[in-house]
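# Structural overview
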Amino acid sequence: MKQSRPFPTLITGMLILIIANLMFGAVSIPLNEILKGFQQGSDNYFTLHEYRLPRTLLAVLVGAMMALSGALVQGVIRNPLASPDVLGVSHGAGLAAVIYMTYFPASSIDWLPAVALVGGLLAALILWWLCGQSSSAIKLAITGVALAALYASGVDFLMLVKPLEINNALLWLTGSLWGRGWHQLMMILPWLLLIPVAFWLAKSLNLIHLGDDTAMSLGINANKLRLVSLAVAVGLTASCVAVCGPIGFLGLVAPHLTRKLVGGRHQTLLPATMLVGAILLLVADLVARTIDPPIELPAGLMTAIIGAPYFLWLLFRTK
Amino acid sequence: MKFLSFPYSGQCLVLSLLLCLVGWISLFSWSVIPISPHDALSALYAMNDDNIAHRIVHDLRLPRAMIGAIVGACLAAAGVVMQGLTQNPLASPSVLGINAGAALGMAIVSTITPWFGLLGTSMAAMVGGGLAWALVMLLGNAWKTGGEHGRLVLAGVAISTLCAALTKAVIIIEEDQASGVLTWLAGSLTDARWQTLDQLWPIALLGLLGTLLISQSLNLLQLGDDNARNLGVSLLWVKLGGSFLVLLLVGSAISAVGAIGFVGLLVPHMARMLCGQDHRKFLPIAMLMGACLVVLSDTISRAIIFPMETPAGAILALIGAPFFIYLVRKRTL
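Residues numbered from 1 in each chain as written. Chains lettered and ligands numbered in written order. Predicted model: local features only at pLDDT ≥ 70, side-chain atom pairs only at ≥ 80, totals over all residues.

### Some remarks on the overall build of chain B
The helix and strand inventory of chain B stands at 13 helices and zero strands. Its C-alpha atoms give chain B a radius of gyration of 20 Å, within 12% of the compact-globule value 20 Å for 333 residues. Taking the principal axes of its C-alpha atoms as reference, chain B extends roughly 65 × 55 × 35 Å. A burial count over chain B gives 54% of its 333 residues as buried. Long-range pairs, those at least 24 residues apart, make up 74% of the contacts in chain B with a sequence separation of at least 6. (Helix = DSSP H or I, 4+ residues; strand = E, 2+ residues; numbered from the N terminus. Rg over C-alpha atoms; globule rule 2.2 N^0.38 Å. Buried ≥ 20, exposed ≤ 12 C-beta atoms within 10 Å, placed from the backbone. Contact = placed C-beta atoms within 7 Å.)

Structure follows, in structure tokens:
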């Protein structure tokens, strides 16, 4: 790995994985068939165009957004254990989405991201109210995890009371890209506008690392910055959760890995972490689909299997 | 709170009566075929084979209530012992990963080597739970005195997540359908029969008696490891023995009904509120309360979307998680 030029490596890796995601699955499509497959009427058109392409693009977007949201949260809370899913935001958004789907089944699915956003914001507010500003890293994480467990048991309960399809249930409990297509991709597109906002915050995020007082004297309103970044992070997470369910540990692991690769400067960290997040989710989804085809595991399971040990390692190191 | 000022024997008596009452209600309530309260009683002492209500009570409801009571007592006792051993108010089988580890062990054994039978699965539950707990204790620095409480809990939660993800993966791959898994992972008494009871009670009884035996040492552990050692407690044996008892209790409970959570967290605190810190006193109280709680939530689980059933564990999780948050907030971790 070239430490000095991570971007070309990351982008190449992502492209290779995108092609791999298009090639492998229940049916393998050889490389030279893929380009032909995009022309209408060819043998693999349906598989590629209707099924694998939107799913792969979605994996890239969701991975990138989740990772970005994690980087923002870790940037402002200065807590290595923090991330939207550890803090319960993604499960809160998931619970709101499930409540909306079970109790208003007739209403349009396009409102799902907005509903998830409300749920995520509420979850963040509840956490804030329970912990206040002066909590230790570990206490914040415990409260967040407990809240996440509460929301998850709420989802679990609704699923068992009003049984949907089992794949749906696993989707909302662990997160999965199963059965997602162009429509979901369109749903998530407007939320990409949050990404430039995050980049615009990057410089101030660097300064806040120097401590609140220093940042203040350099002309940054620390509390306002915190509020804006957290709101952006919640928005990014909620839109992903509305489409894919709470895919765990992605927002935690990706920023940490990226910090090792490119260092802590947010102008490079934020774009790099998006690439890393996309790569992680592409790998997770690829493994989840190909481990025992045609059975499919939820991608959220794979991220949990990778992410939980990493969380333990972080915990072990945290003073 | 008049109940709080009752003498100890009075509290025990009231709770035993409450258990009988809850058990009786669970025998006749929410049945598709109507069962009268009187039927429920007469099925116990004057069983009539031709009466369908009697048959339901005898073959389905009675073992279910008894298994619920035993499982509740086991999980509550396990929670008390764990909180005593780790000196951590948040310790309990579900928080520290034993439930998830046991579930993983059972899932692996029952999908990969199904010829093992029920004895094999409860063995697997114990081994899986034991491994998970050992790992949590190692990572959470719990064997040294002065280890941080929060770290242990977070390690437990992470191990639980990992085990739960692996369990779901194993079952989805092997079974090709996952509908039963969610119910079972949440913990449900739906499949409780006499056969299950026969396998459950000897191990459970052994474990419960064992916890009563070590309750004296648990009292001394509250003084801190050093003081306990000075007073003649063999720390190694108490901790090893306690851990073994916990595994025995949790393993048998989980192999009978699936991973019911939060009983072990809730009940010890409730019992402590009733009768103070003396383990010899509040251990029996905790067992009774745990039994009541599980039987009660099983009855509620049948009522919510009658005539279908929700797993009792899902209801307990809904009650238990807010309580957990309350504990985190109250204690200085």
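### Focus on the interface of chain A and chain B
At the junction of the two partners, chain A supplies 34 residues and chain B supplies 37 residues. At the level of secondary structure, the elements contributing two or more residues to the side of chain A that touches chain B comprise helix 6 (137-161), helix 7 (166-174) and helix 14 (299-317) of chain A. In terms of residue count, helix 6 of chain A provides more of the side of chain A that touches chain B than any other element does, 17 residues in total. Grouping the amino acids of the side of chain A that touches chain B by side-chain chemistry returns 27 nonpolar, four polar and three charged. (Nonpolar A, V, L, I, M, F, W, Y, C, P; charged D, E, K, R; others polar.)

### Concerning helix 4 (residues 89-103) of chain A
In this model helix 4 of chain A runs 21 Å from its N-terminal to its C-terminal C-alpha over 15 residues, within 8% of the 21 Å that 1.5 Å per residue would give. In terms of burial, helix 4 of chain A is a largely internal element, eleven of the 15 residues being buried. (Expected span 1.5 Å × (residues − 1).)

### A few points about the confidence of the model for chain B
All names here are of chain B. On average, residues of chain B carry a pLDDT of 83, and 90% of them reach 70 or more. Model confidence for chain B, summarised as mean pLDDT per element, is weakest for helix 7 (residues 179-186) at 63 and strongest for helix 12 (residues 279-303) at 91. Scored as a whole, the predicted complex attains pTM 0.86, and scored at its interfaces, ipTM 0.84. (pLDDT = per-residue confidence, 0-100.)

### Thoughts on the packing of helix 3 (residues 45-77) of chain A against helix 13 (residues 266-290) of chain A
Two quantities define a packed helix pair, namely the angle between the helix axes and the distance between the axes. All names here are of chain A. Close contact between helix 3 and helix 13 brings their axes to 7 Å; oriented N to C, the two are set at 135°. Taken together, the axes of helix 3 and helix 13 are oblique relative to one another. The interaxial crossing formed by helix 3 with helix 13 has right-handed handedness. Along the contact surface, helix 3 presents Ala 59, Val 60, Val 62, Gly 63, Ala 64, Met 66, Ala 67, Leu 68, Ala 71 and Gly 75, while helix 13 presents His 266, Leu 269, Leu 270, Thr 273, Met 274, Val 276, Gly 277, Ala 278, Leu 280, Leu 281, Leu 282 and Asp 285. Class assignment of the residues belonging to the contact of helix 3 with helix 13 gives a composition of 16 nonpolar, five polar and one charged. (Axes fitted to C-alpha atoms, helices over the stretch in contact; angles between N-to-C directions. Parallel < 35°, antiparallel > 145°, perpendicular 65-115°, else oblique. Left-handed = near helix turned anticlockwise from the far one by under 90°.)

### Considering unusual backbone geometry
Phi is positive for Phe 249 of chain A, which is not a glycine, with a value near 70°. Locating Phe 249 of chain A in the fold gives a position in the loop between helix 11 (222-244) and helix 12 (250-262). Unlike most non-glycine residues, Phe 262 of chain B shows phi in positive territory, near 70°. Considering the arrangement of structural elements, one finds Phe 262 of chain B in the loop between helix 10 (235-257) and helix 11 (263-275). For Phe 262 of chain B, a count of 29 C-beta atoms within 10 Å puts it in the buried group.

### Description of the nonpolar core
Among the nonpolar cores identified, the biggest contains 219 residues, and Val 62 of chain A together with Cys 74, Ala 77 and Ala 286 of chain B are the most heavily contacted of them. The element contributing the most residues to this core is helix 3 (residues 52-86) of chain B, with 19 residues. Setting aside chain neighbours within four positions, we find Cys 74 of chain B in contact with Ala 204, Gly 207, Leu 208, Leu 249, Ser 252 and Ala 253 of chain B. (Core = buried A, V, L, I, M, F, W, Y, C linked by C-beta atoms within 7 Å.)

### Some words on the UniProt feature "transmembrane region" (unreviewed entry) in chain B
Residues and elements named next belong to chain B. The UniProt entry lists residues 12-33, 65-82, 94-116, 122-140, 152-173, 282-305 and 311-328 under the feature "transmembrane region" (unreviewed entry), expressed in the numbering used here. Taken end to end, residues 65-82 is 100% helix and 0% strand, and its first and last C-alpha atoms sit 26 Å apart. Split by type, residues 282-305 is 92% helix and 0% strand. Its first and last C-alpha atoms lie 35 Å apart. (UniProt positions renumbered as here; feature names shortened; annotations may be inferred.)

### What to know about the environment of Pro 30 of chain A
Residues and elements named next belong to chain A. Structurally, Pro 30 can be placed in the loop between helix 1 (6-23) and helix 2 (31-37). When the 8 C-beta atoms within 10 Å are taken as the criterion, Pro 30 is described as exposed. Placed ten residues apart in sequence, Pro 30 and Ala 20 show a C-alpha to C-alpha distance of 9.9 Å.

### So, the packing of helix 12 of chain A against helix 14 of chain A
All names here are of chain A. Interaxial distance between helix 12 and helix 14 falls to 9 Å at its minimum, and their mutual angle equals 60°. The angle between the axes of helix 12 and helix 14 places the two elements in the oblique class. In this structure, helix 12 meets helix 14 at a crossing whose hand is left-handed. Taking contact as the criterion, the partners of Leu 250, Leu 252 and Val 253 in helix 12 are, on helix 14, Thr 303, Ile 306, Gly 307, Tyr 310 and Phe 311.

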